[in-house]
Amino acid sequence: MKLSQIKIGNRHRKDMGDIAALAESIKSVGLLHPIVLNGDDELIVGRRRFEAVKHLGWSDVSVSVAKTFDDVHIALLAERDENTCRKDFTPSEAVSMATALQPLEKKAAQQRQAKAGPSNGRGVKSTGVEKFSEAVAGRSADKIAESVGMSRPTLAKATAVVEAAEVDPEHYEDIAKDMDADGKVDAAHKKLLDRAAKFPIPVGPTPKQIAQNSPAVRGSVSR
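A few points on the structure. Keep in mind that what you see is a predicted model, and the values were worked out from it rather than measured. (Residues numbered from 1 in each chain as written. Predicted model: local features only at pLDDT ≥ 70, side-chain atom pairs only at ≥ 80, totals over all residues. Heavy atoms only, no water.)

1. Focus on the pattern of salt bridges
Okay, so step 1: Counted by the stated rule, this structure contains seven salt bridges.
Okay, so step 2: Two residues, Arg47 and Glu51, come together in a salt bridge whose shortest N-O distance is 2.9 Å. Of the two residues, Arg47 and Glu51 both sit in helix 2 (residues 47-55), four residues apart, roughly one turn of that helix. One exposure class covers both Arg47 and Glu51, and it is buried.
Okay, so step 3: The salt bridge involving Asp178 is made with Lys191; its shortest N-O contact spans 3.9 Å. (Salt bridge = Lys/Arg side-chain N within 4 Å of Asp/Glu carboxyl O. Helix = DSSP H or I, 4+ residues; strand = E, 2+ residues; numbered from the N terminus. Buried < 20%, exposed > 50% of the residue type's maximum accessible area, 1.4 Å probe, protein only.)

Here is the structure:
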């Protein structure tokens, strides 16, 4: 596909890292995995590869079209394992990507729930969210977290930090920036909880409520 036909849009990846090194790797071993687009030719996965082949002067590139959450999930796992020139998402980038994946996974979860029945088996209670059982909802959260290279509890804590920074940048943006710089989500979340006692989040759920949104996080939140 022509590079000029690919729509970049609002990307989750903010820090491109060393594109020249990735370009040299692609020049040496080839493009191991295609760039992933949605049905509207918008780039979903592979922004660094896009920039690398552009750096090499390519006019065409191999692409694949992702139609389901599983397509995107597999593509992200492939990207993480592609080569030594890969660059992990920062925690904030991972939160952004996870948020974008939720509508796709919602459809997949609805299909799983339909096959499993309204309660996913006798004795399994509903979460009350999208009318999914805990098993189906939990599997969705786990798959999204795995896709962006995090555990479910870590992604929940990173989300709390990012959302606090968006709502009240004056008091919380520095925590999000430090988290992205050193990658230490637990430490950032603990700092968030400590600071929230002095500067409550003005709207929405508390940082603790955000991070405790999934059963896997309950009991693991720093107090």
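2. With respect to the environment of Leu3
Okay, so step 1: Note that Leu3 resides in the segment before helix 1 (19-29).
Okay, so step 2: Residues Leu3 and Glu51, spaced 48 residues apart in sequence, show a C-alpha to C-alpha distance of 9.8 Å.
Okay, so step 3: The residues contacting Leu3, other than those within four sequence positions of it, are Phe50, Val53, Lys54, Trp58, Ser59, Asp60 and Val61. (Contact = heavy atoms within 4.5 Å.)

3. Examining the nonpolar core
Okay, so step 1: Formed by 33 residues in total, the largest nonpolar core has its most connected members in Val148, Leu155, Val161, Tyr172, Met179 and Leu192.
Okay, so step 2: Residue assignment for this core shows that the elements contributing at least two residues are strand 2 (43-45), helix 3 (69-80), helix 4 (91-116), helix 5 (134-147), helix 6 (152-167), helix 7 (169-182) and helix 8 (185-196).
Okay, so step 3: Looking at which element gives the most residues to this core, the answer is helix 6, with seven residues.
Okay, so step 4: Setting aside anything within four residues of it in sequence, one finds Met179 in contact with Pro91, Ser92, Ala158, Val161, Val162, Lys184, Val185 and Ala188.
Okay, so step 5: Within the second largest apolar cluster, 14 residues are counted, among which are Ile19, Ala23, Leu37 and Ala52. (Core = buried A, V, L, I, M, F, W, Y, C linked by side-chain atoms within 4.5 Å.)

4. A closer look at the environment of Gln5
Okay, so step 1: With respect to the secondary-structure elements, Gln5 resides in the segment before helix 1.
Okay, so step 2: Residue Gln5 is classed as partly exposed on the basis of its relative accessible area of 44%.

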